[in-house]
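Observations on the three-dimensional arrangement
Read off the chains here:
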Amino acid sequence: MKKHNFFAGPSILPQFTIDETIKGIQDFDGSGLSVLEISHRSKQFVAVVEEAQSLFKELLNIPDNYSVLFLGGGASTQFLMLPFNLMNKKAAYLNTGAWASKAIKEAKYFGEVVEVASSKEATFNYIPKGYNVPKDVDYFHITSNNTIYGTEIREDFDCDVPLVADMSSDIFSRPVDISKYALIYGGAQKNLAPAGLTFVIIRNDILGKVDRAIPTMMNYQTHIDKESMFNTPPVLPIFSALQTLRWLKAQGGIEAMEKKNIEKASLLYNEVDRNKCFRATINNVADRSRMNICFVMNKGYEALEKDFLDLTVANGMVGLKGHRSVGGFRASTYNALPKASVEALVTLMQDFEAKQ
Ligand SMILES: *Cc1c(COP(=O)(O)O)cnc(C)c1O
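My aim in this report is to walk through the structure given alongside it, one point at a time. Values in this document were obtained by computation on a predicted structure and should not be read as measured data. (Residues numbered from 1 in each chain as written. Predicted model: local features only at pLDDT ≥ 70, side-chain atom pairs only at ≥ 80, totals over all residues. Heavy atoms only, no water.)

Our focus in this paragraph is the site of the ligand. Residues in close proximity to the ligand total 13 residues, the closest being Ser76, Thr147, Asp166, Gln189 and Lys190. The backbone of Ala75 places a nitrogen or oxygen atom 3.0 Å from an oxygen atom of the ligand. With respect to the ligand, the side chain of Ser76 contributes an N or O atom lying 2.6 Å from an oxygen atom. Expressed as a share of its isolated accessible area of 390 Å², the protein-covered part of the ligand is 87%. With four residues, helix H3 (residues 74–86) is the largest single contributor of residues to the shell around the ligand. (Near = heavy atom within 4 Å. Polar contact = N/O pair within 3.5 Å; in protein donor to acceptor, adjacent residues only side chain to side chain. Areas by Shrake-Rupley, 256 points an atom, 1.4 Å probe, with all protein chains shown as cover. Helix = DSSP H or I, 4+ residues; strand = E, 2+ residues; numbered from the N terminus.)

In C-alpha cells, the structure reads:
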C-alpha cells in the first residue's frame, strides 16, 4: 500500500510524475533510448527544457522581461550566487529561520548584511512585522516559506529596493505576483521534482550592476545567455519537473492548487486547534504555513509524543516527526499530497484523543 507521505523534502511527488519519469527512463518518447543516455543538447532534450520553461512562465504568469533558469547546486548555492551577482556593498535580510540564517551567513562573504528583523528569540515562531528596509541596500531577501518552523509570507508586498525570495518550499502552491520580485529561487525537491534541480526566476535588468568580477559558472548572465545549457544541466530532475508542470496544468493550474492547499491546511489546523492533546506552534494564524504544519503535544500530554508518532507509523504515515529544533510533529502538505492523507491523519488524532 502506498504510504501517506508527510516528508518535508525530498517529498511526495504526483504519481503522474513518477510514472512518466519511469517511462522516460525506459524509453524516451519512443526514441529507443533512455532519457538518461541522450545528449542534453539533443533536439528531444532541448524540447524538454523549452517546454518546462514555457510551462513555468505560463503557470506562474511570469512577465516577458524575466528568465527562468534550471541549475544545479540547490538553494544553498543560491545563498552565495545571489550576493555574488546582486550585492555591491550592502543587502538587507529578514531572518525567519534556519534557511534565512544560512542565506545571511553566505551573503556576509560579499558585503554588509543588514538583518532588518529576526524571530530567532522565539524559535522563529512568527513572521516579524513593522521593520524598515534601508533605502541604500542592493536588495532585500526574504524566505517566503520557512520549511522547518512552519511560517509563511504569502503577501507579495511592494518594496523600494529589489525584492528577492527563497521560495523552495512554497513555489507553485499559490499564485505569485512575480512582478513584485527581482529574483525568486528554490530547490525543486519540495514541490516540483526529485532533488538535484534548482530554479531561478530572474528579472533580466537587475544584472550587470556589481563591480566585482563573477566567475563564469556563478554568473547568472552565463545561464541566461546559454538558456541553462552552459554546462550539463540536471537532466533527469528537469525531465521530472516537466511532468509535474504538465500535471499542475491538468489539475487546473495554480489557482486550483491553492484552493486544495487551503482545504488541506484548514482541515489539519482546525483539528490541531480543537483537539485537547495537541497545539500548534505558530499562534498567529496569518503566519501559519500551508505547506509545513507544525504542532506539538498540548500541556499535560507531553509524555505521549512517542506514542502518537508510533501510531502514525503503524497507520502507514511517514515523515511526521518534527525537525529536531522544534520537536513535536510536522506535516508537510505539498501539492501532491492528497486530501485523503490529511483526513487519515485527522481521524487518527481524533481516535487518539478519544482514548485519553
Ligand atoms: C530545503 C530548503 C533549502 C535548502 O535547499 P537545498 O536545495 O538543499 O540547498 C533552502 N531554503 C528553504 C526554504 C528550504 O526549504
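More follows now that the structure is in view.
Overall, the coordinates contain 17 salt bridges when judged by the stated rule. One salt bridge connects Arg203 with Asp205, and the closest N-O pair in it is separated by 2.9 Å. Taken together, the shared-partner salt bridges in this structure form one network comprising Asp158, Asp177 and Lys180. (Salt bridge = Lys/Arg side-chain N within 4 Å of Asp/Glu carboxyl O.)

Once that is clear, we can look at the pairing of strand S5 (residues 140–143). By the alternation rule, side chains of S5 split into Phe140 and Ile142 and His141 and Thr143, which are all buried. Relative to S5, strand S3 (residues 90–95) is paired through two bridges, and the arrangement is parallel. Within the sheet, the bridge partner assigned to Tyr93 lies in S5 and is His141. One ladder, built from four bridges, connects S5 with strand S8 (residues 163–166); its direction is parallel. Counterpart to Phe140 in the pairing with S8 is Leu163. (Buried < 20%, exposed > 50% of the residue type's maximum accessible area, 1.4 Å probe, protein only. Pairing = 2+ DSSP bridges.)

Below, the discussion takes up helix H2 (residues 43–60). Over its 18 residues, H2 extends 26 Å from the first C-alpha to the last, a length consistent with the 26 Å expected when each residue adds 1.5 Å. Here H2 has its buried residues at Phe45, Val48, Val49, Ala52, Gln53, Leu55, Phe56, Leu59 and Leu60. Looking down the long axis of H2, one finds its buried residues gathered within 160 degrees of arc, a one-sided arrangement. Packed against the buried residues of H2 are strand S2 (66–71), strand S10 (198–203), helix H6 (235–250) and helix H7 (253–274). (Expected span 1.5 Å × (residues − 1). Arc of directions from axis to C-beta. Contact = heavy atoms within 4.5 Å.)

Running from amino to carboxyl end, helix H1 (residues 15–26) crosses H6 at an angle of 135 degrees, the nearest separation of the two axes being 9 Å. By the angle class used here, H1 and H6 are oblique. When you trace H1 past H6, the crossing you get is right-handed. Note on element contacts: H6 touches H1 through Leu236, Phe239, Ser240, Gln243, Thr244, Arg246 and Trp247, opposite Phe16, Thr17, Glu20, Thr21, Gly24 and Ile25. Its residues assigned to classes, the contact of H1 with H6 shows five nonpolar, six polar and two charged. (Axes fitted to C-alpha atoms, helices over the stretch in contact; angles between N-to-C directions. Parallel < 35°, antiparallel > 145°, perpendicular 65-115°, else oblique. Left-handed = near helix turned anticlockwise from the far one by under 90°. Nonpolar A, V, L, I, M, F, W, Y, C, P; charged D, E, K, R; others polar.)

This brings us to the environment of Phe70. Relative to the assigned elements, Phe70 resides in strand S2. Distance from Phe70 to Gly196, taken between C-alpha atoms, is 10.0 Å for residues 126 residues apart in sequence. Setting aside residues no more than four positions away along its own chain, Phe70 makes contact with Val49, Ala52, Gln53, Phe56, Leu197, Thr198, Ser228, Pro233 and Ile238.

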